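Coordinate inspection notes
The residues making up each chain are set out below.
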Amino acid sequence: MEVTEDQRLEPIRTFIHSSFRLDPDKWREFVAEKSNMAAVSRFINGPDAVQLFHQLQPPSGLCASLSVPPGVRTKVLCVSKSVPEALPKENPGKVLRMQEFLGGEALRTLVSLHDEVSRWTAGLAQDALKLTERQRSTALVMKALEEGHTFLPPPDALRHLDNPVELSQGGGHHGNNGSSNHEPLQEDSSDSPRLLSSTSYHDDAPNSCSSLRDNVDQKERKLSVAQLLHACEETVVEWVELVGDLLQQDWSGVVLDRLKPVPSEEFAFWKERLRNLLFIQSQLMSPEAQQVASILQAADSVYWVALQDLQDDVQEAVCEAEDIVENLTPVEQKLSEVLEMNFCQLKDNMAAVMEEVRLLWMRSKFYCWPARMMVLLQEICNLFVHLSRKFLPGPGVIRVLESEPGPVLDDVRLVIQTLQALKSAYTQKQTQLELQNQATPTRHWTFPSTLVFSQLDTFLRRLLSIQEAQRVAARFYRLGRTVLFGLNSTTAVQQVSEEFLVQVRLLSGCSCDPTDPEDQNFELKLDRFQAELSHLETRLVSVLSTALGDCSEASSAAKIVQMFWFFVDQRAVRDQLHPHLNRLADHVLTDLDQTESEFYNEKERPERFFRFHPTAVARLCWNRQLRRRAEAALRSFGTIQNLCGGLAVSRVVLEKWRQIVDLLEDFRTGVRSDWSAGLESDCDEILKHSLIQISPPAHLEVACRYQLEAVLLELRYVSREGGVELRPQTAHFLERRDDITHTYLRLRQMVLCYNQVVGGAMEAELPLIQDKLQELQRHLSELKRRTWTCEGVQQQSQPVVMVHFNIREARANMDAMRRIAQGWAELELLQRSGSLLESGVNDQTCRLLKTDGEQLLGLTQVNRSLYGADESSPSWRTYLDYVDDNVLEGLQQLLRRALRYLADNMSPQSRGHALLAVTLRLQQSGSAFEPEIDAGLTDFLKGVISEVYAAAGLVPRISVSRHANYQASLQQDPELCALEQEVMCRLLQVKEEAEQLRAGLDRYCHLWQRDRRAVFQEFLTYGKLLGTHEAEAERSPPTLKDYQREIQVLLRFSSEVTGLDEVIVLHGWLQVDLRPFTTRLLSIILDWKHMYTDLLLESATKSLQQVTRPGSDEEESSSSSTFPLTDTILLLEAAGVELPEHLAAQLQVVTSR
């Protein structure tokens, strides 16, 4: 049933309607607000909410809350329950108490209103004063309640009576006038002097008036005493109700039906309870409370006993609260320390927490109640459940299933272990209390642990479900890394893996918190997920059954089992695969039978399987290989043995394996025995043989070299093998193996050095080392007489090594000199500057030649020292001539490369850039090349060739018997001379082609040779240019067509010259720049054209001047001018002449007319 329809809400609605005069629409808006109905629902149904506050806020309307609204300045309605339990459905109004008070500043104003009311005039209505006092008391109660305290309002009647002491002494309705019990009431008698002095008035008045007044006063006094006593009794009743509500509160009862309380709430409850009880106790000891007690005691009221009982109950409650707060403090401190730790440290501190709880049970007088201890333990469980949920990533616990849940699975495992450690610590402390009870009667924890750990066990079950889901997911994720034999099996496994990922995505998409055990929606989704995984496991079992059925070897089946061990290890899966696993035991026996058969078939010649090992070693290796095969079969069986079961099958397999192992062991023993005998014979022969021997013609070698290496190799295998019997000679050889090995290595080095010295000697070198070779022969003769048991081999072999070292260094120097000379063939003596050859040889190459020459001289001097040769000896001169030949050959290659470079780049077939360049210019004397080809270009090439030869002279001569330098020797080289002649021949060829080019351009020579003025004067006289044979002709002024003819000739010349190439390459290597020539020739042609056009422009100017005269027309001006105006202008435009601006303006005027 919804809260809005709950009938228990009706008394509250009626009270709110009458107090606030609320419209029905406002009430509907109030119940429609979720926050309001949440507070109302908790107040109606929860035992912890005992007060409900209502207020009107202008923006939002009526609001409800479970605590006093802070900062409220308007009226507040308080609905409270007399008992801390849910409202009963029948007659809920009997347990409800409803009050009105003002909040905030209004409340403080009302509290201070009494002082102002007391100063009002006597004519003020008594009802208004009483209403004000009542509202003031209510306001003080609510103000204290807001501060968390219980306020005990004094009786209102004490404030309105002038002398309550005399009124109480004047008589009470119980008739008790004992004076000794009235001392507390006498303290405030000075506050009412008016009543004390009223008996002294009117001493001289008549007796009748005095008697009448006394009767009236006596009646009023009795009435005031009765009112005061009634007010005090009502106050005691109210105090008992207020304090009784507090005293009846117990944390264990308050939180029994609450959701997951934590220890900090209980710690705060007891501290606040102690403060409130001390506040109540101080009020009960106040003068006002003592005055009430005195009045009740004087009147012998039954409420005097109730007030005494109230004081005793408060005192007992204070003692209880102080004891509990004091003994809860160590538990609070320990929990505070735990909260400061990392979660991974909590597991080791659970015992310490439970120890503090045990000590609390032992020390506290009032806390050793099962209900209170159960609640505290539940709170500790709730605290660690809260810390666990805070430590875990919440929804991420399941979302990590989309990837491999390794780290999160570790976190879940840590939380489970921590909470289980808490339960273990509780069990340990419970047992400890029981043991203490047996020794000394004490109270122990008799309450069932299921009540303590109900919430914790629910949370643990949820975590265990999540952990199981993560473990299953981790197993299924491993399917993605498994590959079975056969396409169908692999595809089936991949399909299972893909469907698993689909289920993981469905579960991971859940928006709820998996760590909330009360979320049943997640529980349903988790059940569906596990059901789907169970179905996938069934499919995977089918795939594995097929894969195991296809295995023909035990090793393959074992690999499958190992690959899917994370899945096969489950009992349900193992039972389904049992038939296939049993059949694999037969494969193991088959493998063992095959191993035994191979042993019998191949034991005579097993060494063919190990061709690069000694025979005995090969046999032992084959033996080990068979044993490993048998052991592999046994391991394969061991993999499936625990899965298939059956002691009989295991016994058969082990007996077969033991039989094969015994055969192999016997074979190994025989091989070792034969091996020992063979080694003894070989060692005896080697130890008696000489160290070295010389084979024809002069090749030196170590005696018994191959046999010695074989024995040393076998001894190394013997050391590794172990268990081989060593006979005397073998043992002696093995004992001296290091010395023999060292001797052998020294001899092999010596033999290698000697053979290199003798075998690698050059013809020019032999005379230099002849004496050293004879000395070495004497040392070798001594070594021939020694055996492997002799010493002093190092002293005899050292000279050979030293001679080899010197000769090796000398030969290395010779190789370096050869490389230097041969490297010159790669140098570039001639290099282009840009794209042309503009200078001689390369300076860097020349510097390198000088450096190399000095290095060559240095190396020859080093070699002379190494050989120990005399500078004047014939053998040394011969050696220098040999080096000199290599140097000369290297220089020849350098010069040949340079001259070949010139010849190739001056070839007509050269496809590269031009090598040299000249410029054709038009001078006063005619066209000419710069530089001149006859003199300048020829001298340049001859200079380059001379520099090429001079580069060879930079290297100093090595030979002392050849006096001329390398330049002079190379200038006589036929091949180099032929290349030089080829270069000069190419120069003559390009010279002829250049002259042909210049002659072709001389067809325009008349333009720069003839006098332009004379020629133009001849044109003006005869109308044409006279030929060379025409001495005289008829005078005829030129016509406009004559001008047009001459101008067109000049324009044709200009077009031809413009069409010439700017640069021409002759013979494929000489670049001729024609741009200076064509530029000058075009300028000359332009001067010729201006000579004709200037005259035409002058004629047109005169014609325009005549036309623009007043009264003149174009025909008249044309008849008077030399040429027609229109034709003249058209000819000028065709010649590219632009009219001046003033002529163009005059022409525009004429055209417009």
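Above: the structure in question.
Attention here is on the structure that accompanies the text. Computed from a prediction, not measured in an experiment: that's the story for all the values here.

Our next topic: the overall build of the protein chain. Along its length, the protein chain carries 46 helices and 10 strands. A buried classification covers 44% of the 1153 residues belonging to the protein chain. Sequence-distant contacts in the protein chain: of pairs separated by 6 or more residues, those separated by 24 or more amount to 73%. Accessible surface, the protein chain: about 60000 Å² in total, of which carbon and sulfur atoms supply 50%.

Of all the five residues making up strand β2 (residues 61-65), four are buried; the element is thus mostly covered by neighbouring parts of the structure. As paired strands, strand β1 (residues 51-57) and β2 are joined by five bridges and run antiparallel to one another. Bridge pairing links F53 to S65 in β2.

We now examine helix α35 (residues 843-867). Given 3.6 residues to a turn, an α-helix orients residues that are three or four positions apart in the same direction. Taking 1.5 Å of rise per residue, 25 residues should cover 36 Å, and α35 covers 37 Å from first to last C-alpha, within 8% of that figure. Taking the backbone nitrogen of Q844 as reference, a side-chain oxygen 3.2 Å away marks N842 as the first, capping residue of α35. Looking one or two residues beyond α35, the residue adopting positive phi is G868, at roughly 70°.

Turning to the sheet that holds strand β8 (residues 926-930), a few remarks are in order. Across the sheet, which stays open at both edges, the four strands sit in the order β8-β7-β10-β9 with mixed pairing between neighbours. The open sheet is flanked by β8 and β9 (1063-1066), the only strands paired with a single partner. Averaged over neighbouring strand pairs, the angle between their axes works out to 25° when direction is ignored. Here strand β7 (residues 916-923) runs beside strand β10 (residues 1070-1073); their pairing, made up of four bridges, is parallel. Looking across to β10, one finds that V918 is bridged to V1072. Sheet strands in contact with helix α39 (residues 974-1001) are β7, β8, β9 and β10, and its direction is about 145° off that of β9.

Before going further, it helps to examine the packing of helix α36 (residues 874-905) against helix α37 (residues 933-952). Contact pair α36 / α37: the axes reach a minimum separation of 9 Å and the direction vectors enclose 165°. Between α36 and α37, the crossing angle belongs to the class labelled roughly antiparallel. Judged by the twist between their axes, the crossing of α36 over α37 is right-handed. Contacts between α36 and α37 pair L891, L895, A898, L899 and L902 from the former with V944, I945, V948, Y949 and A952 from the latter. Broken down by class, the residue content of the contact of α36 with α37 amounts to 10 nonpolar, no polar and no charged.

Right, let's get into the packing of helix α43 (residues 1075-1107) against helix α46 (residues 1141-1152). It is the contact of α43 with α46, at a shortest axis distance of 10 Å, that shows an interaxial angle of 45°. By the criterion of interaxial angle, the relationship of α43 to α46 is oblique. The way α43 lies across α46 gives a crossing that is left-handed. Taken together, the residues of α46 that come into contact with α43 (itself represented by L1097, T1101, L1104, Q1105 and V1107) are L1143, Q1146, L1147 and V1150. By residue class, the composition of the contact of α43 with α46 is six nonpolar, three polar and no charged.

It is a probe the size of a water molecule, rolled over the atoms, that shows where empty space is left. Applying the stated criterion across every chain yields a total of two cavities of 30 Å³ or more. In this model, the second largest cavity occupies a volume close to 40 Å³. Around the second largest cavity, the lining residues are L827, E828, L829, L830, L894, R897, A898 and Y901. Here the residues of the lining of the second largest cavity are counted per class, giving six nonpolar, no polar and two charged.

This part covers the packing of aromatic side chains. This structure, assessed with the given rule, holds 15 aromatic pairs. For the pair Y426 and W445, a centre-to-centre distance of 5.4 Å together with 5° between the ring planes defines the contact as stacked. Note that Y426 is positioned in helix α19 (residues 406-439) and W445 in the loop between α19 and α20 (449-452), a separation of 19 residues in sequence. Each member of the pair, Y426 as well as W445, carries the same accessibility label: buried. A ring pair is formed by F1019 and Y1092, whose centres lie 5.2 Å apart and whose planes are at 85°; its orientation type is edge-to-face. One end of the pair, F1019, is in helix α41 (residues 1012-1022); the other, Y1092, is in helix α43, with 73 residues separating them in the sequence. A relative accessible area of 0% places F1019 in the buried class. By way of ring pairs, the aromatic residues W361, Y426, W445, F447 and F453 are connected into one cluster. Of note, R372 hangs over the ring of W369, and the distance from its end group to the ring centre comes to 4.1 Å. Stacked on the ring of F453, the Lys or Arg K423 has its end atom at 5.6 Å from the ring centre.

What follows deals with the nonpolar core. Ranked by internal contacts, the top residues of the largest apolar core, which has 154 residues, are F733, W788, W824, Y879 and L891. Among the nonpolar cores identified, the runner-up in size contains 97 residues, and A321, F343, V452 and F500 belong to it.

Summed over the entire model, instances satisfying the criterion amount to 31 salt bridges. In this structure, K423 and D457 form a salt bridge, with 2.7 Å as the shortest nitrogen-oxygen distance. You can see K423 sitting in helix α19 and its partner D457 sitting in helix α21 (residues 454-477), a full 34 residues away along the chain. The partly exposed category is assigned to K423, whose relative accessible area is 25%. Between K1102 and E1098 there is a salt bridge, and its shortest N-O distance comes to 3.9 Å.

Now for unusual backbone geometry. Put simply, E930 and P931 share a cis peptide bond, and its omega is -10°. Phi is positive for D300, which is not a glycine, with a value near 55°. Assignment of secondary structure puts D300 in the loop between α14 (287-298) and α15 (302-339). Phi angles above zero are rare outside glycine, and H1067 is one such case at about 60°. Its place among the elements puts H1067 in the loop between β9 and β10. H1067 gets classed as buried once you look at its relative accessible area, which sits at 13%.

With that out of the way, let us pick up the environment of L620. Assignment of secondary structure puts L620 in helix α28 (residues 615-644). Sequence separation between L620 and F667 is 47 residues, and the spatial gap between their C-alpha atoms is 8.7 Å. When neighbours within four sequence positions are excluded, L620 is seen to be in contact with R668, V671, R672, W675 and E721.

The rules behind the values
- Residues numbered from 1 in each chain as written.
- Predicted model: local features only at pLDDT ≥ 70, side-chain atom pairs only at ≥ 80, totals over all residues.
- Heavy atoms only, no water.
- Helix = DSSP H or I, 4+ residues; strand = E, 2+ residues; numbered from the N terminus.
- Buried < 20%, exposed > 50% of the residue type's maximum accessible area, 1.4 Å probe, protein only.
- Contact = heavy atoms within 4.5 Å.
- Areas by Shrake-Rupley, 256 points an atom, 1.4 Å probe, with all protein chains shown as cover.
- Pairing = 2+ DSSP bridges.
- Expected span 1.5 Å × (residues − 1).
- Polar contact = N/O pair within 3.5 Å; in protein donor to acceptor, adjacent residues only side chain to side chain.
- Axes fitted to C-alpha atoms, helices over the stretch in contact; angles between N-to-C directions.
- Parallel < 35°, antiparallel > 145°, perpendicular 65-115°, else oblique.
- Left-handed = near helix turned anticlockwise from the far one by under 90°.
- Nonpolar A, V, L, I, M, F, W, Y, C, P; charged D, E, K, R; others polar.
- 1 Å grid on protein atoms, 1.4 Å probe; cavity = no way out; pocket = protein on both sides within 12 Å on 5 of 7 lines; lining within 4 Å.
- Points joined across faces, edges and corners; volume = space filled by probe spheres on them.
- Phe/Tyr/Trp six-rings, centres within 6.5 Å; stacked < 30°, edge-to-face > 60°.
- Lys NZ or Arg CZ within 6 Å of the ring centre and 35° of its normal.
- Core = buried A, V, L, I, M, F, W, Y, C linked by side-chain atoms within 4.5 Å.
- Salt bridge = Lys/Arg side-chain N within 4 Å of Asp/Glu carboxyl O.

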